[in-house]
Every structure is written in structure tokens, then in C-alpha cells.
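Here is how the chains run, residue by residue.
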Amino acid sequence: MKLIKLSFLSALLSLLAQVANAGEVNAAVAANFTEPMKQIVELFQKDTGHTVKLSFGSSGKFTSQIKEGAPFDVFLAADEKNPKLLEKEGLAVEGSRFVYALGKLVLWSAQPGYVDDKGYVLRKGSYNKIAYADPKLAPYGLAAKETLEDMGLWSLVQGKMVTGESITQTYQFAATGNAEMAFIALSQITKDGKVTEGSWWIVPSHLYNPIKQAAVQLSAAKDKDAAKAFLAYLKSEKSVAIIRSFGYALP
């Protein structure tokens, strides 16, 4: 009985210590990483006692907001360029940046059988609209542009392109039928390692520059210990398993 009481007391003291040391992390996260991030945060909060406030959007817009003083503690971008830029300007902690995932571009349609697994549908030109994210703001949009340029189709499809402000809006264009197809992140249509809806073509990686998604701690972070703990958790086995399950590769 005494052993049980001591064990309970020890667990209670540990829990109280965790609560006392709990902090909050305000995270700016690239839209393509929405679902895996939600799962990772759920585990992180449970394991550490810290809480995380999530904001999702385009990497370009977040970079502009951070420059204007937006109160984010960490930034998970869809590229390396923006975190490097913030680091160079003293807005991110030097040495805290690392690549947490390698993104994969996919051409997707909500219609089963519409997109073939070689991407030949792009050359047929029988579609009216194809969506992609703004290449000035979203790395996946830039990758889509690079793909079409490499295929020699960029100039031919200009009248059919629909531009989304983020990869999330781009997905919605295709999901609602406002565009027959969209260039999006593979993670947006992947769950437990499988694509279960519509039709798709996983774009060969040689058609676009690598999508190295980097995370960085921001210099203005209020709770630096919680921010560090959160970024460290991204490298944990639990986080890596979730990241892989959404179709990302690891560096």
C-alpha cells in the first residue's frame, strides 16, 4: 500500500512540475503541413505539457508578417529560402534552422481516372482550368511552374491557370470542381501512407527543384525554452513517423 501511495505521489509531483514549467509556442506553419502538424502538436502537448498555438498559411506571407513584427515563436516554412532570409536579417536564431521534411509535388483531380499516372493529361489540353499556388508566395506553386516549364508547357497553359494564395486554397479549387486539376502537395491527399481519393500523378522530382521544408526558431520568441523543445520534438521518432505517413521524405 505504501509503495502504491509513493508511486502515486511521485507521479503527481511530476505532473505538477510539468504544469509549472509549461509554456506556450506560437507557431507559423506552411499550409501543406497542416494535418501532420496537428497530429504532432497533439502528442507534443501530451508529452511535454507545453501548449501550441497554430497558424497556417503561405511561407511568403508569413515571412512578410514576421518582418513586420508578428508574434510568432517558431516558423515551419515550405522552403529553406525564407528561414535563411530571416536568419540573415537577425529575425531568426542562428544555428536553429534545419530541414524537417522534403516535400513532393502532385498533380491531382477530385475525379477518379481523370489524371493518369504519367501526367499525359497535361499535354492533351482538354481541360479548362488547372490550379497552382502563387509561385511568389508558395514553394509548391514555384515547383509547379518549374515543372510546366521543364515540360515545355508553361506558355501553352497560361490561359487556363488559376492561382491560389496558398496550397490550401489551390486544393479547394480542384476539390470543389472550379478547376479540373491542381498542383498540390502530396501530403494533402495522403493519409497513413496512402492516397485514397481522386486521381493523381506524383511529379518526378527531377522536374522541379527540391522542396526542402525548413524550421527555425525566431529571435522574438517569448518562451525560448518551449520553442526549443518544440523544434527538438520535430526530430523525434514519433514526429518522423507522422511526417512519413503523409508522404514526405526525410533529409
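Residues numbered from 1 in each chain as written. Predicted model: local features only at pLDDT ≥ 70, side-chain atom pairs only at ≥ 80, totals over all residues. Heavy atoms only, no water.

### Brief notes about the confidence of the model for the protein
Inference 1: Model confidence for the protein is summarised by a mean pLDDT of 92, while 92% of its residues fall at 70 or above.
Inference 2: Residue range residues 8–20 is modelled with pLDDT below 50. Its contacts to residues more than four positions away, or to other chains, number 3 contacts. (pLDDT = per-residue confidence, 0-100. Contact = heavy atoms within 4.5 Å.)

### What to know about the nonpolar core
Inference 1: Judged by nonpolar contacts, the single largest core of 69 residues is most densely connected at Phe33, Met37, Leu76, Leu107, Leu122, Phe183 and Phe230.
Inference 2: Sequence-distant contacts of Phe230, that is, excluding residues within four places in its chain, are made with Val25, Ala27, Met37, Val41, Phe44, Val52, Val74 and Leu76.
Inference 3: Core analysis: the next-biggest nonpolar cluster, separate from the first, contains 10 residues, Ala77, Leu86, Val216 and Leu218 among them. (Core = buried A, V, L, I, M, F, W, Y, C linked by side-chain atoms within 4.5 Å. Buried < 20%, exposed > 50% of the residue type's maximum accessible area, 1.4 Å probe, protein only.)

### Digging into the packing of helix α2 (residues 34–48) against helix α9 (residues 237–245)
Helix packing for two helices is described by the angle between their axes and how far apart those axes are.
Inference 1: Running from N to C, α2 and α9 cross one another at 165 degrees; their axes reach a closest spacing of 9 Å. Considered as vectors, α2 and α9 are oriented roughly antiparallel to each other. Handedness of the α2/α9 crossing: right-handed. The segment α2 lies against α9, with Pro36, Gln39, Ile40, Leu43 and Asp47 engaging Lys238, Ser239, Ile242 and Ile243.
Inference 2: In the contact of α2 with α9, the residues fall into 5 nonpolar, 2 polar and 2 charged. (Axes fitted to C-alpha atoms, helices over the stretch in contact; angles between N-to-C directions. Helix = DSSP H or I, 4+ residues; strand = E, 2+ residues; numbered from the N terminus. Parallel < 35°, antiparallel > 145°, perpendicular 65-115°, else oblique. Left-handed = near helix turned anticlockwise from the far one by under 90°. Nonpolar A, V, L, I, M, F, W, Y, C, P; charged D, E, K, R; others polar.)

### Points about the environment of Lys235
Inference 1: Structurally, the position occupied by Lys235 is in the loop between α8 (224–233) and α9.
Inference 2: Considering only alpha carbons, one finds Lys235 and Ala144, 91 residues apart in sequence, at a separation of 28 Å.
Inference 3: Aside from chain neighbours lying at most four places away, what touches Lys235 is Phe98 and Val240.

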